[in-house]
Amino acid sequence: MGLKTGAGGEKRWWWNRNVIMVLWVMLSVGFCIGLHCHMRTESMRKAEETLTSMCEERARMLQEQFAVSVNHVHALAILVSTFHYQKSPPALDQETFADYTASTAFERPLLNGVAYAQRVVHAERQLFENQQGWMIKTMKRDPSPVQDEYAPVIYSQETVSYIEALDMMSGEEDRENILRARATGKAVLTRPFRLLESNHLGVVLTFPVYLLDLPDDATAEERVRATAGYLGGAFDVESLVENLLRQLAGNQEIMVNVYDVTNASEPLIMYGTNPPDDHMLLSHVSMLDFGDPFRKHQMKCRYREKPPVSLSSITTPSGIFVICMLVGYIGYAAWSHYDNVKEDFRKMEELKKQAEAADVAKSQFLATVSHEIRTPMNGVLGMLDMLLDTNLNLTQKDYAQTAQVCGRALISLINEVLDRAKIEAGKLEIESVPFDLRSILDDVISLFSAKSREKGIELAVYVSERVPSILMGDPGRFRQIITNLVGNSVKFTERGHVFVQVHLVEHVNMAMNATAETGLNGHVNEVNKKSATTVFNTLSGLEVADSRNTCESFKLLLSHGASLSCTFGGGSVPESIADKVTLMVSVEDTGIGIPVHAQDRVFTPFMQADSSTSRNYGGTGIGLSISKCLVELMGGKINFISQPHVGSTFMFTAVLQKCGKSAGVDTKRSLSEVLPTCFRGMRVTLVDRRAVRAAVTKYHLQRLGIIIEDVSTVNEVLCALSGQNDCLNSSQPGKQPSILLIEKDSWDPKVDVHIQNQLLEYKEAGRIQVVPKVVLLLTIESDKTRAGSHVDAIIVKPLRASTIATCFQQMLGMGKCQNKDTLSGSTSLRGLLDGKNILVVDDNKVNLRVAAAALKKYGAKVVCVESGKSALSLLQPPHKFDACFMDVQMPEMDGFEATRQIRLMENKANEEAPLEEGSVKAKWRLPILAMTADVIQATHEECVKCGMDGYVSKPFEEAQLYQAVARFVVSQPIPDS
Amino acid sequence: MPPPLCSRVLLSHPFSPMSLMALREQLNMLVNSMYIEGLLDQQFQQLQMLQDASSPGFVAEVITLFCEDAERILTELTKLVDQAVVEFQKVDAYVHQLKGSSSSVGAQNVKLACIQFRQFCEENNKDGCLNALNVVKHHYYLLRNKFDTMLQLEQRIQAYDSKQQN
């Protein structure tokens, strides 16, 4: 049934199926009928065989019995001849004959009786009649007329005594018989006729009796001459056959007819009723030989009734037919089912396509809508900016600021939703470019610095020395995750600290094991601490959720870091380790914590701890879910530990690649926010009671190349300076610190106010050559005024290496080591674009002019060209450009084509470069940004495809321009020029 | 080179002894009215923000560039559309260019009219194109008149500025 249909149309296919079903039914009907017929003929054949064998059996028996009787008559003839003619006087008379025949009648069951007729010629008639004493009579019992010869019966069996004296020659059949018998000398038979008396059908057997023995080859005339008389007997064929058949089995079933067929055209019936002429009936004909060659007989057997049609010949085919129908039905059903399933599948495919199309449409829609929303929002925000620049009274200013904050929140929300949609669509790809983790963290910290200062939270960053300075990964996404986490922490923390740490995972594990080994002791200490004082050994002295981040483990981490850095020197990591680095970033806060019941749905989008959270703190709760997706995309895991009212610690791991060594110094310089090197070797003494905080400060100072000694109180410093070396072991004479960095906690305004005076005294006393500058570290801005006059400078946290550097520069009057505006802290477009050489390509003069002016505004040096070709000629390496903005639609050579060509040129240049300058030099890869009016997904994909780094919308929007530029300026090496 | 736009404007607006403040006021009112009428959008503001001490004539320069460009394109377009067989691809390219420059300048009405125009181009609708071209021209000339006035005002303000500096 499993017929394969070709490439036929739907309709034809259905049609085919039905036709096949009809064919199948017809085929099975045909087969069944055929089977039925076959079985019928088979049974017919069997019946015929049975009939044949039965018929033959009957014929043979009849023949045998007949032959026996004939033989006996023959014997009688010999008896007559022996005792009647060869004895003189004859020893036979009627009485003897009758007795003898009666007593031997059992030998001839088929014969009614026998009689002997003597041959009497007419001449002897008188004599004969006289001898016998009776007249010869005819069959009609009349006195016989004159004949040539006569054959009167002289002896007869008692059963046929009525024929005595009758002239056998007078009966037609008998006469014929007599004539033939005496001529042949053999037994002859009459044709069947109604016998006298019994009126049964019968034949008469006649045997000649000769006077002398004749040779076998005697002629007919000799035989006639020698004939003495005739012995005759009547066969009652009807009763004979009847008796015979009665003895045989199967008598009821078949009907037997015996015919005399001497005259073939007119068979004479000897036995049986003439059956109706029904040729349909089965019959069999057997030839009979009754010993008379002249007469021919045959036996015809028939079944009495038509043989019944056998049950099996009906049941078997119909059974088979039923099975065939069932099979057909099953096949048909299966086929229909297959069709249905196929149809359903097709529908599903269609629906799937629709769904996918809808999905694409959705993301398209999202992209478009968010773009559409962002455009007016930018207008709103720009207007608000301008509004804030005008003269407003306080209330108005407040309103405007609120509106601005809300607008920014809306924009960031839209961006987040867009991110989320992108992640869901799987369109978000993590790029792999070299970046400096530390400067990214500095950026993040600076983002939140205002907020943390305002709240009085200590915000700090610590990056383990073992973390390589340049890593390969997606800086934007990394920043996004950390910004998210830190943002959350800052948002939910009212006092205490937010502490970001970055370590290597294996390193952390090692430290954890170490803490586990120190085991009980540490644990007990911790408990004691908790019960005794409520000051914990954390950054701000408040308890944190993740107790693993206690001072002990942190110290261990530090010591490990130190020991390793000692081993391998200069903080460089061993190169033997695979080129993958797994970072463990933790963001620890002392905020309100996450309620236990809400902890398992923290990463579900739009889920906040409870509805009141958003009322109190704002936000949509989408950030963490995005962070989770991003972390997973980076091959890491994110989790957290949180205790309500204690704080939360979020930790995530990220797998990043190490940057190849060849990228080297240049890359580092270009990627990192360049830190001034003028502080290298400077000595600073740090006064801080709290080890963790001290470590953070040290981390930043070390980045500047400053050598640090830390002590816990101001007095220790003074001791050291005054030459009492026992107070400060590490201090060495002649190498005194040039700066005293004092943590606010350790600063007692009353006592230490006069530290400067003290130091001056020391100098006058000649104990020190230079009076160290005193710098105070503050968390809250408002404290600034109180201590301001007593110290040389104040740094308000959060600490960043660049902040410290700037402060020191100003204080020490070193002048600008470089012209970067590090104090402003915000990485504005100006900061990014300042001094960069930028090529702008656009065929539209107006656009070109506007774009150039916009870029110039941010400090970039702009070169404009009006076609892709002239851009190509300018960008033939080596060139001085740091970036290129390229219009997409241009006559002659459009932006995509131009980019492709530029990339080709760069590749060529890169292939040649290593031969000349070794591997240190960065490769040519100019960041190219498309300028386009429609910022839909497809355009972006095409941009990326032809080697562009991103796109900006035309006309420029500041935020977007910043985003696009920030990506490549941070992540792209800038070739030497 | 056509004569500078400003000089043409000056002919129709002889110097008047207006104070600097009044001039500024007038300029602001003009620009505001243009915003309200939909002639300009926020992009023009960006342009104004780009103008600073280092490039005092920036807005004027851009506007002049824009007007030259637009007039050239409009001439070309008029020629193209008048032909029996309109080459829509060429027309589309020109309109695209005009759209680009008008959006750079912030000429909102012209930009919108260009968008409409491009749709007709895509449909190969000649009548529509003719209509659209007229609409574009209408908006453009309206805008140019305002720009003329604006430039003249600016010129005068700058003249004042330089006088004061001197």
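Calculation criteria
Residues numbered from 1 in each chain as written. Chains lettered and ligands numbered in written order. Predicted model: local features only at pLDDT ≥ 70, side-chain atom pairs only at ≥ 80, totals over all residues. Heavy atoms only, no water. Helix = DSSP H or I, 4+ residues; strand = E, 2+ residues; numbered from the N terminus. Buried < 20%, exposed > 50% of the residue type's maximum accessible area, 1.4 Å probe, protein only. Contact = heavy atoms within 4.5 Å. Areas by Shrake-Rupley, 256 points an atom, 1.4 Å probe, with all protein chains shown as cover. Salt bridge = Lys/Arg side-chain N within 4 Å of Asp/Glu carboxyl O. Polar contact = N/O pair within 3.5 Å; in protein donor to acceptor, adjacent residues only side chain to side chain. Nonpolar A, V, L, I, M, F, W, Y, C, P; charged D, E, K, R; others polar. Axes fitted to C-alpha atoms, helices over the stretch in contact; angles between N-to-C directions. Left-handed = near helix turned anticlockwise from the far one by under 90°. Disulfide = S-S within 2.5 Å. UniProt positions renumbered as here; feature names shortened; annotations may be inferred. pLDDT = per-residue confidence, 0-100. Pairing = 2+ DSSP bridges.

K.L.:
Would you take a moment to explain the overall build of chain B for this structure?
P.N.:
If you tally the helices and strands in chain B, you get seven helices and zero strands. Reading the helices (α) and strands (β) of chain B from amino to carboxyl end gives α-α-α-α-α-α-α. With 166 residues in all, chain B has 45% of them scored as buried. For chain B, contacts bridging at least 24 residues in sequence account for 71% of all contacts bridging at least 6. Counting every atom, chain B has about 8600 Å² of accessible surface; 55% of that belongs to carbon and sulfur.

K.L.:
Would you explain the interface of chain B and chain A in this entry?
P.N.:
Buried accessible area, meaning the area lost when the parts come together, often serves as the stated size of an interface. With 19 residues of chain B in contact, the opposing surface of chain A contributes 18 residues. Our enumeration of links across chain B and chain A arrives at one salt bridge. In this structure, Glu61(B) and Arg849(A) form a salt bridge, with 2.5 Å as the shortest nitrogen-oxygen distance. Where chain B packs against chain A, one counts two residue pairs in polar contact (both at pLDDT 80 or more). Sorting the residues of the side of chain B that touches chain A by element identifies helix H3 (42–50), helix H4 (58–82) and helix H5 (88–105) of chain B as the ones contributing at least two each. The greatest single-element share of the side of chain B that touches chain A, amounting to seven residues, is contributed by H5(B). For the side of chain B that touches chain A, the class distribution of residues is eight nonpolar, nine polar and two charged.

K.L.:
Please clarify how the packing of helix H10 (residues 475–492) of chain A against helix H15 (residues 623–633) of chain A should be interpreted in this entry.
P.N.:
Helix-helix packing is characterised by the crossing angle of the two axes and by the distance between the axes. All names here are of chain A. Closest axis-to-axis distance for the H10/H15 pair is 9 Å, and the angle between their directions is 145°. Here H10 runs over H15; the crossing is left-handed. Of H15, the residues touching H10 (which contributes Arg 477, Gln 480, Ile 481, Asn 484, Leu 485 and Asn 488) are Gly 623, Leu 624, Ile 626, Ser 627, Leu 630 and Val 631. Class assignment of the residues belonging to the contact of H10 with H15 gives a composition of six nonpolar, five polar and one charged.

K.L.:
I tried to follow the state of the cysteines on my own but got confused; where do I start?
P.N.:
Here a disulfide denotes a covalent bond joining the sulfur atom of one cysteine to the sulfur atom of another. A full pass over the atoms with the stated rule returns one disulfide over all chains. Disulfide partner of Cys55(A): Cys301(A), at an S-S distance of 2.2 Å. Sign of the S-S torsion, about 85° for the bond between Cys55(A) and Cys301(A), identifies this disulfide as right-handed. Residue Cys55(A) is located in helix H1 (residues 10–85), and its partner Cys301(A) is located in strand E12 (residues 297–303); the two are separated by 246 residues in the primary sequence. In this structure, Cys55(A) and Cys301(A) share a single accessibility class: buried. Among the cysteines around Cys114(B), which has no disulfide bond, Cys121(B) carries the closest sulfur, lying 10.0 Å off. Residue classification places Cys114(B) among the buried residues on the basis of a relative accessible area of 0%.

K.L.:
So what exactly am I meant to see when it comes to the UniProt feature "modified residue: Phosphohistidine" (unreviewed entry) in chain B here?
P.N.:
Under the feature "modified residue: Phosphohistidine" (unreviewed entry), the UniProt entry names His96(B). Position of His96(B) relative to the elements: it lies in helix H5. Apart from residues no more than four positions distant in its own chain, His96(B) is found in contact with Gln889(A) and Arg118(B).

K.L.:
In this structure, what is going on with unusual backbone geometry? I would like to understand it.
P.N.:
A negative phi holds for most residues other than glycine; trans holds for most peptide bonds. One non-glycine residue with positive phi stands out, namely His645(A), at about 65°. Within the fold, His645(A) resides in the loop between strand E18 (638–643) and strand E19 (647–658). A positive phi angle is found at Asn124(B), which is not glycine, with a value near 55°. By the element assignment, Asn124(B) lies in the loop between helix H6 (108–123) and helix H7 (126–165).

K.L.:
Explain the confidence of the model for chain A to me, please; I cannot follow it from the model alone.
P.N.:
Detailed reading of the predicted coordinates is not advisable wherever pLDDT is low. Residue and element names in this part refer to chain A. Of all residues in chain A, 76% have pLDDT values of 70 or greater, and the mean over the chain is 75. Within chain A, helix H12 (residues 520–532) has the poorest average pLDDT of any element, 38, and strand E16 (residues 497–504) the best, 88. Segment residues 1–9: pLDDT under 50, and nine contacts once partners within four positions in sequence are set aside and those in other chains are kept. Contacts of residues 561–576 to residues separated by more than four positions or lying in other chains number 15 contacts, the stretch itself having pLDDT below 50.

K.L.:
How should I be thinking about the sheet that holds strand E24 (residues 793–796) of chain A in this particular structure?
P.N.:
Either a parallel or an antiparallel arrangement is found when strands of a sheet pair, and the pairing is made through backbone hydrogen bonds. Residue and element names in this part refer to chain A. Within the open sheet, the five strands sit side by side as E21-E20-E22-E23-E24. Their pairing is parallel. Strands at the two margins of the open sheet, each flanked by one partner only, are strand E21 (707–711) and E24. In this sheet, neighbouring strand axes are inclined to one another by 25° on average, regardless of whether the strands run parallel or antiparallel. Packing against the sheet, helix H22 (residues 801–812) makes contact with strand E20 (683–687), strand E22 (739–743), strand E23 (773–778) and E24, and its axis sits at approximately 170° to E24.

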